[in-house]
Amino acid sequence: MSPTIYMIILSSLATGTIITMTSHHWLMAWVGLELNTLAIIPIISTMHHPRSTEAATKYFLTQAAASALILFSSMTNAWDTGSWDITQPLTSPSYILLTMALAMKLGLAPLHFWLPEVIQGSTMTTAFIITTWQKIAPMSLIFLTMNNLSTSVFLLMGLLSSLVGGWGGLNQTQTRKIMAYSSIAHLGWMATISSIMTNILIMNLLIYLIMTTSVFLSLIISKSKTIQDTTSTWTLSPTLTIIMLLSLLSLGGLPPLTGFIPKWLIMEELILQNFNLLISMMAASSLLSLFFYLRLTYTTTLTLSPNTTQTKFKWRFYPNTHTMFIATPATISIFLLPMTPLILL
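Residues numbered from 1 in each chain as written. Predicted model: local features only at pLDDT ≥ 70, side-chain atom pairs only at ≥ 80, totals over all residues. Heavy atoms only, no water.

The protein chain has the name NADH-ubiquinone oxidoreductase chain 2 in an unreviewed UniProt entry, where Anolis carolinensis is given as its organism. Its UniProt record, at the heading Subcellular location (unreviewed entry), says of the protein chain: "Mitochondrion inner membrane". (UniProt positions renumbered as here; feature names shortened; annotations may be inferred.)

Novice: So, the nonpolar core: which residues are in play, and what are the values?
Specialist: One broad trend across soluble globular proteins is that nonpolar side chains are buried collectively. Residues Ile40, Ile44, Tyr59, Ile70, Ile130, Met139 and Leu141 are the most contacted members of the largest nonpolar core, which totals 85 residues. Among the elements that make up this core, the one with the highest residue count is helix α10 (residues 198–222) (12 residues). Dropping the residues within four chain positions of it, Leu141 is found in contact with Thr20, Trp26, Ala29, Leu33, Ile70, Ile86 and Leu102. (Core = buried A, V, L, I, M, F, W, Y, C linked by side-chain atoms within 4.5 Å. Buried < 20%, exposed > 50% of the residue type's maximum accessible area, 1.4 Å probe, protein only. Helix = DSSP H or I, 4+ residues; strand = E, 2+ residues; numbered from the N terminus. Contact = heavy atoms within 4.5 Å.)

Novice: Let's hear about the UniProt feature "transmembrane region" (unreviewed entry) in the protein chain: which residues, and what values?
Specialist: As annotated in UniProt, the feature "transmembrane region" (unreviewed entry) corresponds to residues 26–44, 56–75, 95–115, 202–221, 233–255, 275–296 and 317–337 in the numbering used here. Taken end to end, residues 233–255 has its terminal C-alpha atoms 25 Å apart, with 83% of it in helix and 0% in strand. Here residues 275–296 is 95% helix and 0% strand, with 32 Å between the C-alpha atoms at its ends.

Novice: How would you summarise unusual backbone geometry if you had to cite specific residues and measurements?
Specialist: In the segment running from Ala109 into Pro110, the intervening peptide bond is cis, with an omega of 5°. Structurally, Pro110 is set in the loop between α4 (92–106) and α5 (114–121). Located in the positive-phi region is His48, a residue other than glycine, with phi close to 55°. Following the sequence through the fold, His48 ends up in the loop between α2 (26–44) and α3 (50–81).

Novice: Please give an account of the pattern of salt bridges that cites residues and values.
Specialist: Enumeration over the complete set of coordinates arrives at three salt bridges. The partner of Lys58 in a salt bridge is Glu117, with the nearest N and O atoms 3.8 Å apart. Separated by 59 residues along the polypeptide, Lys58 in helix α3 and Glu117 in helix α5 bring together distant segments of the chain. With relative accessibility at 29%, the residue Lys58 sits in the partly exposed group. Classification of Glu117 by relative accessible area gives partly exposed; the value is 36%. Among the ionic pairs, Glu117 bridges to Lys177, the shortest N-O distance being 3.6 Å. With a gap of 60 residues between them, Glu117 in helix α5 and Lys177 in helix α9 (residues 175–194) connect regions that are remote in the sequence. Three or more residues are tied together by salt bridges with common partners; here these are Glu54, Lys58, Glu117 and Lys177. (Salt bridge = Lys/Arg side-chain N within 4 Å of Asp/Glu carboxyl O.)

Novice: How would you explain the side chain of His186 if you had to name every residue and give the values?
Specialist: Residue position: His186 is located in helix α9. With residues up to four places along the chain from it excluded, the contact list for His186 reads Tyr208, Met211, Leu251, Lys263 and Tyr293.

This is the structure in structure tokens:
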């Protein structure tokens, strides 16, 4: 794909998300989501490979179905109430349809099945866009409509997503699928807090985007598509292996790192609301996620691969990709914990 076309598509992608985020009219929100979906289809299918075509088709069908549900929800609401305003209360059928549509857009369990398959079928850069930028528009709609959506449904979907994200990632060998299940688990944590404290939801989303950016850039620079590929990262750049180690541990939510902030605040808030059983189950599910992050860190930094004779080591060439962009997200995803009081203010 030529750089000009690629830039036009990326700007359309950004425009679609911004239209959805800034609109108060349901029709404009739907237009933004459609523009967003149509812009990313050619990006997914750039590889001209059956798997990427399949991923693009799956993505298109699920997102088109979700957009149609949002349109249908807003139309039935407008029919009953006469209002197209996003912030106005929704009727019962409308909010049920909207909840299903937003869960499908985000990849929340039990509507998560498309996400690992689509991410596995696309390139690492496209997977990075899907797991980060594509979550912003649906999350902004959740933020705008949270007063009208069911708290118990979101708590249940959040718990289910964190469990599915933990169990699903255990048996994976592909780094993209591991990141997909990681995304499902993190979105589960966001879904649980979304109906209780929206400011923690926004903070969690921002921290998730930064941490995922850091890990994906590490994987893109080191060209690590499988767990076995990560075993030879140390030959490419020792600094990169340390950044990858700390970013993965931060994504797992270990205390001295940034990733602990959202888990800490969400657990504190849910305990205050007396959701003790729910938060206990979610904390247990985050241990499952932590296992596959630790496995990645173990292969990346702590071991030499047992089959070094067959493994092709990476030559230390000058990197093809710009390594400058990893500095900011890596720093934020490691050192932000002492800033928690300022973030809360």
